[in-house]
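Summary of the model geometry
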Amino acid sequence: MSYILQADKSYTFSDYFNLNYSTKEIVAEFGYTFKLEKLILPKKQIANLDVSKLRQAFYNKLPHISLNSEMAKREFFISPILLEMLEYIEFNIEVEYAVNVNDKLRGSIDYLLTAKKKLLVIEAKNADLDKGFSQLAIELIAMDHLAPPSDFLYGAVTLGDVWRFCCLDRVNKIVSKDIDVFAVPSHLEELFLVFAGILAE
């Protein structure tokens, strides 16, 4: 029996951002459990990785840009990171990827990164990382119905300068939120290694 979602109402992914319930309560509506823990994220070394120019560009140019909207952060923070990663990792980027599993699991994913049978869901927000995480968790649950067989699915919610990852254990139906975050520009190398670990062969 649902205690949060109304049976006769349709919900989009963004509706979950606005619910005043915890991630634990929201994912439980779909039969999943929630954990906050230190994730051991997959990492893969990248030959000749050099993000010094990108880091310096952030330090030099971002002070001149108004970053008070999600659109601004997506254009000037997130897109440059994804474009730079394409120099090192082969993957495809779907922007505003439409998903329609049912009337409770539908909407658009900000960025869906795919590489063969691997994928990474990215949810961009202007503020409130925690509520953004609840939305990300629902997007991963939706992709659990659609993605090729695998044990785990990965996602990240970001404010542009902060990235937090999560992992969906598809076998045990557990959504795990990483207790740590990656700060940009300072943690760019570590961020790239995690992206490579998730997406690269």
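That block above? That's the structure.
These figures come from a predicted structure and were not determined experimentally.

**So, the overall build of the protein chain**
Looking only at helices and strands, one finds six helices and eight strands in the protein chain. Each helix and strand of the protein chain, placed in order from N terminus to C terminus, yields the pattern α-α-β-α-α-β-β-β-α-β-β-β-β-α. For 201 residues, the compact-globule formula gives about 17 Å, and the C-alpha radius of gyration of the protein chain, at 17 Å, lands near that figure. Dimensions of the protein chain along its principal axes, counting C-alpha atoms only, are 55 × 35 × 30 Å. Looking at the protein chain as a whole, 48% of its 201 residues qualify as buried. Excluding contacts between residues fewer than 6 apart, the proportion of contacts in the protein chain whose partners are at least 24 apart in sequence is 64%. Accessible area for the protein chain stands at about 10,100 Å²; split by element, carbon and sulfur atoms hold 51% of it. Charged side chains in the protein chain number 22 positive and 28 negative. The centres of these two groups are separated by 2 Å.

**Focus: the pattern of salt bridges**
Inspection of every chain in the model, using the stated rule, returns nine salt bridges. Residue Glu 70 is joined to Arg 74 by a salt bridge in which the shortest nitrogen-to-oxygen separation is 3.4 Å. Of this pair, Glu 70 and Arg 74 both sit in helix 4 (residues 70–85), separated by four residues, roughly a single helical turn. Given a relative accessible area of 24%, Glu 70 falls into the partly exposed group. Judged by relative accessible area, Arg 74 falls into the buried class, the value being 12%. A salt bridge links Asp 144 to Arg 170; its shortest N-O distance comes to 2.6 Å. Taken together, the residues span a long stretch of sequence, with Asp 144 in helix 5 (residues 129–144) and Arg 170 in the loop between strand 6 (162–169) and strand 7 (174–178) at a distance of 26 residues. Residue Arg 170 is classed as buried on the basis of its relative accessible area, which comes to 13%.

**Notes on the nonpolar core**
Judged by nonpolar contacts, the single largest core of 37 residues is most densely connected at Ile 81, Leu 113, Leu 120, Trp 163, Phe 165, Phe 195 and Leu 199. If you list the elements that add at least two residues to this core, you get helix 3 (52–61), helix 4, strand 3 (105–115), strand 4 (118–124), strand 5 (152–158), strand 6 and helix 6 (188–199). If you tally residues by element for this core, the top one is helix 6, at nine residues. Setting aside residues up to four positions removed in sequence, Ile 81 forms contacts with Leu 54, Phe 58, Trp 163, Val 184, Leu 188, Leu 191 and Phe 192. Membership of the second largest hydrophobic core comes to 31 residues, among which are Tyr 11, Tyr 16, Ala 147 and Val 157.

**Side note on unusual backbone geometry**
Note the cis peptide between Val 184 and Pro 185, where omega equals 20°. One can find Pro 185 in the loop between strand 8 (182–183) and helix 6. Here Asn 48, not a glycine, exhibits a phi torsion of approximately 60°, which is positive. Tracing the sequence through the fold places Asn 48 in the loop between strand 1 (33–37) and helix 3. Positive phi is not limited to glycine here, since Lys 173 has a value of about 55°. You can see Lys 173 is positioned in the loop between strand 6 and strand 7.

**A word on the packing of helix 3 against helix 6**
Closest axis-to-axis distance for the helix 3/helix 6 pair is 10 Å, and the angle between their directions is 125°. One finds that helix 3 runs oblique with respect to helix 6. Between helix 3 and helix 6 lies a crossing whose hand is right-handed. On the side of helix 3, the interface is formed by Leu 54, Arg 55 and Phe 58, while helix 6 contributes Leu 188, Glu 189 and Phe 192.

Reading the values: the criteria
- Residues numbered from 1 in each chain as written.
- Predicted model: local features only at pLDDT ≥ 70, side-chain atom pairs only at ≥ 80, totals over all residues.
- Heavy atoms only, no water.
- Helix = DSSP H or I, 4+ residues; strand = E, 2+ residues; numbered from the N terminus.
- Rg over C-alpha atoms; globule rule 2.2 N^0.38 Å.
- Buried < 20%, exposed > 50% of the residue type's maximum accessible area, 1.4 Å probe, protein only.
- Contact = heavy atoms within 4.5 Å.
- Areas by Shrake-Rupley, 256 points an atom, 1.4 Å probe, with all protein chains shown as cover.
- Lys, Arg positive; Asp, Glu negative; His and termini not counted.
- Charge placed at Lys NZ, Arg CZ, Asp CG, Glu CD.
- Salt bridge = Lys/Arg side-chain N within 4 Å of Asp/Glu carboxyl O.
- Core = buried A, V, L, I, M, F, W, Y, C linked by side-chain atoms within 4.5 Å.
- Axes fitted to C-alpha atoms, helices over the stretch in contact; angles between N-to-C directions.
- Parallel < 35°, antiparallel > 145°, perpendicular 65-115°, else oblique.
- Left-handed = near helix turned anticlockwise from the far one by under 90°.

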